[in-house]
Amino acid sequence: MVGRWLGHMPRGRFRHGAISRAAAVTGETLIGWSAHYLTGIAYAALLTGIWGSDWISRPSIEPALIVGIGTVAAPFLLMQPGMGAGIAASRTPRPNVARFHSLLNHAVFGLGLYLTAVAVSLFLPA
């Protein structure tokens, strides 16, 4: 659905009542997954931009979780409203479940940032 939402933007459509009812866009799956991965890379760059390359040498979990969980603001305030789900999924059938899933997914992303830094730090000179 992210690819469909993004695919409608060049046509001037930024908000939908329900993205599932919007016309399909050619390549929407590729668009959506590409945007998702590129956004994750940008957030990883944000983490190292804020905490510096020293964090990669000696990673701690707190900065990674701060960035990971903090990034949930994007779907809550931008994507979900734009796709018709309301702010923080308020227009979905079970908003608290959707919010919990978003928070959990973004916390797992933060954990992934941390574990990746730990793995990278093993190959850096001491």
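A brief structural summary. (Residues numbered from 1 in each chain as written. Predicted model: local features only at pLDDT ≥ 70, side-chain atom pairs only at ≥ 80, totals over all residues. Heavy atoms only, no water.)

1. Examining helix α2 (residues 28–51)
We apply this condition: For the purposes of this entry, the term helix denotes a DSSP run of H or I that reaches at least four residues, the term strand denotes a run of E that reaches at least two, and both are numbered from the N terminus. Multiply 1.5 Å by the residue count of a helix minus one, and that product is the helix's expected span. Three labels apply to residues, based on accessible area from a 1.4 Å probe with only protein chains included: buried if under 20% of the type maximum, exposed if over 50%, partly exposed otherwise in between. What makes two residues a contact is simply this: any of their non-hydrogen atoms within 4.5 Å.
In this model, α2 (24 residues) spans 34 Å end to end at C-alpha, consistent with the 34 Å of a helix rising 1.5 Å per residue. Among the residues of α2, E28, G32, A35, G40 and L47 are the ones counted as buried. Residues of α2 that are buried make contact with α1 (2–8), α3 (53–57), α4 (61–70) and α6 (95–121). Backbone geometry just after α2 places G52 at a positive phi near 80°.

2. Things to note about α6
If you check α6, its first and last C-alpha atoms are 39 Å apart, about what 27 residues at 1.5 Å a residue would give, namely 39 Å. Taken as a whole, α6 has its buried residues at S102, H106, A107, G110, L113, A117 and S121.

3. Focus: the environment of A85
When you line up the elements, A85 lands in the loop between α5 (73–82) and α6. C-alpha of A85 to C-alpha of G27: the two residues are 58 residues apart in sequence and 23 Å apart in space. Setting aside anything within four residues of it in sequence, one finds A85 in contact with Q80, S90, R91 and T92.

4. Section: unusual backbone geometry
Despite not being glycine, A88 shows a phi value in the positive range, around 50°. Mapped onto the secondary structure, A88 falls in the loop between α5 and α6. The phi dihedral of A89 is positive, around 60°, even though this residue is not glycine. When you line up the elements, A89 lands in the loop between α5 and α6. Its relative accessible area of 2% is what places A89 among the buried residues.

5. Topic: the side chain of S121
Cut-off, in case you're wondering: Any pair of nitrogen or oxygen atoms within 3.5 Å is treated as a polar contact; in protein, a donor-acceptor pairing is required on top of that, and neighbouring residues in sequence qualify only through side-chain atoms on both sides.
Mapped onto the secondary structure, S121 falls in helix α6. S121 sits in the buried class, given a relative accessible area of 18%. Here V118 takes part through its backbone oxygen, which lies 2.7 Å from a polar atom of the side chain of S121. The contact partners of S121, leaving out residues within four places of it in the chain, are I56, S57 and P59.

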